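So you can see what is in the structure, the chains are spelled out below.
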Amino acid sequence: MPPILQRYLPEDMHRSRALPGIQPERGAWLRVDEAYAAQMRRREALLAAQAGDVLYLDAAAMAAAQELLDTVVAVLPGQGFDRDGGRITCPDGRVVDLDTAAPMRTLARLCQNDFVLMEKRGDEHVLTGAALCFPASWQLSEKAGRPLTDIHIPVSEYTVDLARRVQRLFDGIQVGRPLWRFNQLWYADPELFQPRSQFAPRRVGAGLATGPYYRTERQTLLRLPQTRAVVFVIHTYVLAAADVPDLS
């Protein structure tokens with residue numbers, strides 16, 4: 001199967017920022033790009049063969065997941081989707097039923113984005129739901145139900161001080177004012193589904209080194225108004241090295 005690649009990055013992703021690199025999201029928080037059809041074929045294949053690896057929902061998080069689905073469906077028409085009652089026609093021509101009983105699966109079939117639900121449990125936000133078809137060197141089963149500090153182990157840059165700052169950031173996210181950041185990795189393999197146990201050695205290069213493929217995630221953070229859950233909306237870009245803009 002040929003690699004699934006984009007040719008371009010949004011202009012605001014051409015310059016790196018220090019961790020955590022958060023800034024206000026000025027544009028659309030849900031995006032469709034030229035890789036939509038190919039990425040969706042990969043997502044449908046993963047959902048058919050490995051749903052247990054890419055979907056998770058705590059039973060107590062159903063209300064948040066359904067609110068997220070409603071929130072996404074409300075903005076889809078502006079991104080080339082058509083709705084007819086309980087059915088959505090996607091930009092690639094697929095028709096997806098709005099199955100509110102399986103909100104994370106439905107989201108995974110509609111959008112080339114991944115979605116991670118984080119809800120406040122005690123003093124920390126905990127991962128309570130996800131549609132994660134394109135993990136970048138982490139494994140959903142190891143992070144499901146875990147708080148922020150555990151999710152980022154063993155990321156060396158994620159210090160105790162940074163963890164506190166990120167938790168304060170999550171507490172401060174306001175409805176209608178999404179934030180975003182992006183990461184940057186070089187990979188030898190352009191495959192989008194790249195799970196890796198936290199106990200396994202890293203198989204890929206990381207950081208602004210060199211490699212045949214540049215992978216970056218645009219991670220938008222938004223708060224749902226009713227359940228107050230925080231959502232990571234993750235749009236994955238993979239470019240051949242020759243197409244990567246100057247990132248200095």
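On a predicted model such as this, the values are computed, not experimentally measured, just so you know.

Definitions and cut-offs
Residues numbered from 1 in each chain as written. Predicted model: local features only at pLDDT ≥ 70, side-chain atom pairs only at ≥ 80, totals over all residues. Heavy atoms only, no water. Helix = DSSP H or I, 4+ residues; strand = E, 2+ residues; numbered from the N terminus. Buried < 20%, exposed > 50% of the residue type's maximum accessible area, 1.4 Å probe, protein only. Contact = heavy atoms within 4.5 Å. Areas by Shrake-Rupley, 256 points an atom, 1.4 Å probe, with all protein chains shown as cover. Pairing = 2+ DSSP bridges. Phe/Tyr/Trp six-rings, centres within 6.5 Å; stacked < 30°, edge-to-face > 60°. Core = buried A, V, L, I, M, F, W, Y, C linked by side-chain atoms within 4.5 Å. pLDDT = per-residue confidence, 0-100. Axes fitted to C-alpha atoms, helices over the stretch in contact; angles between N-to-C directions. Nonpolar A, V, L, I, M, F, W, Y, C, P; charged D, E, K, R; others polar.

Participant: Any chance you could explain the overall build of the chain here in plain terms?
Facilitator: Helix and strand counts for the chain stand at 6 helices and 11 strands. Residues counted as buried form 49% of the 248 residues belonging to the chain. Put simply, 71% of the contacts in the chain that link residues at least 6 apart link residues at least 24 apart. Accessible surface, the chain: about 11,500 Å² in total, of which carbon and sulfur atoms supply 52%.

Participant: Honestly, the pairing of strand 11 (residues 230–240) in this entry has me stumped. Any pointers?
Facilitator: Regular strands show a simple pattern: their side chains alternate between the two faces of the sheet. Counting buried residues along strand 11, 10 of its 11 residues qualify, which places the element largely inside the surrounding structure. Pairing geometry for strand 6 (residues 114–121) and strand 11, over 5 bridges, is antiparallel. Following the sheet pairing, Val 116 is matched in strand 11 by Phe 232. Pairing of strand 10 (residues 213–223) with strand 11, which is carried by 11 bridges, proceeds in the antiparallel orientation.

Participant: Honestly, the packing of aromatic side chains in this entry has me stumped. Any pointers?
Facilitator: Where two aromatic rings form a pair, the distance of their centres and the angle of their planes describe that pair. In the structure shown here, the tally under the stated rule is 4 aromatic pairs. Seen in terms of ring centroids, Tyr 36 and Phe 81 are 6.0 Å apart; in terms of plane orientation they differ by 85°. Their pairing is edge-to-face. Of this pair, Tyr 36 sits in helix 1 (residues 36–54) while Phe 81 sits in the loop between helix 2 (62–75) and strand 3 (82–84), placing them 45 residues apart in sequence. The two residues Tyr 36 and Phe 81 agree in class, both being buried. Seen in terms of ring centroids, Trp 180 and Phe 182 are 5.8 Å apart; in terms of plane orientation they differ by 15°. Their pairing is stacked.

Participant: When you look at the nonpolar core in this model, what are you seeing that I'm missing?
Facilitator: Note that soluble globular proteins tend to have their nonpolar side chains buried in a common cluster. Membership of the largest hydrophobic core comes to 42 residues, with the highest contact counts inside it found for Leu 68, Val 72, Leu 76, Met 104, Leu 110, Phe 115 and Leu 117. Once residues within four sequence positions are removed from consideration, Phe 115 is found in contact with Leu 30, Leu 68, Val 72, Met 104, Leu 107, Gly 129, Ala 130, Ala 131, Val 231, Phe 232 and Val 233. With 16 residues, the next largest nonpolar core counts Met 118, Leu 140, Val 166 and Phe 232 among its residues.

Participant: Which parts of the structure should I look at to understand the confidence of the model for the chain?
Facilitator: Do not read the predicted coordinates in detail wherever pLDDT is low. Here the chain averages 90 in pLDDT, and 90% of its residues register 70 or above. The model gives residues 204–208 a pLDDT under 50, and that stretch makes 16 contacts with residues more than four places away or in other chains.

Participant: Can you help me understand the pairing of strand 7 (residues 124–131) in this one?
Facilitator: The buried fraction of strand 7 amounts to 7 of the 8 residues, a majority that puts the element mostly inside the structure. As defined by bridge partners, strand 2 (residues 55–57) adjoins strand 7 across 3 bridges and the pair is classed as antiparallel. Among the inter-strand pairings, Tyr 56 is bridged to a residue of strand 7, identified as Ala 130. The pairing of strand 6 with strand 7 spans 7 bridges and is classified as antiparallel.

Participant: Would you mind showing me how to read the environment of Ala 64 here?
Facilitator: Inspection of the secondary structure puts Ala 64 in helix 2. You can call Ala 64 buried: its relative accessible area is 1%. Setting aside its immediate chain neighbours within four residues, Ala 64 contacts Leu 117, Glu 119, Leu 224, Thr 227 and Ala 229.

Participant: Got a minute to help me understand the sheet that holds strand 5 (residues 95–97) in this structure?
Facilitator: Within a sheet, adjacent strands bond to each other through the backbone by hydrogen bonds, running parallel or antiparallel. If you walk across this open sheet you meet the 3 strands as 3-4-5, and the pairing is antiparallel. Two strands lie at the open edges of the sheet, namely strand 3 and strand 5, each paired on one side alone. Neighbour-to-neighbour, the strand axes of this sheet turn through a mean angle of 25°, independent of strand direction. Summarising the sheet, strand 4 (residues 87–89) and strand 5 pair through 3 bridges and their orientation is antiparallel. Following the sheet pairing, Ile 88 is matched in strand 5 by Val 96. Contacts between helix 3 (residues 103–110) and the sheet are confined to strand 4 and strand 5, with strand 5 contributing the most and set at about 170° to the helix.

Participant: How should the packing of helix 1 against helix 3 be read in this particular structure?
Facilitator: Two numbers describe a pair of packed helices, the interaxial angle and the distance between the axes. Here helix 1 crosses helix 3 at 150°, and the two axes come no closer than 8 Å. For the pair formed by helix 1 and helix 3, the contact residues are Tyr 36, Met 40, Arg 43, Glu 44, Leu 47 and Ala 51 on the first element and Arg 105, Ala 108, Arg 109 and Leu 110 on the second. Its residues assigned to classes, the contact of helix 1 with helix 3 comprises 6 nonpolar, no polar and 4 charged.

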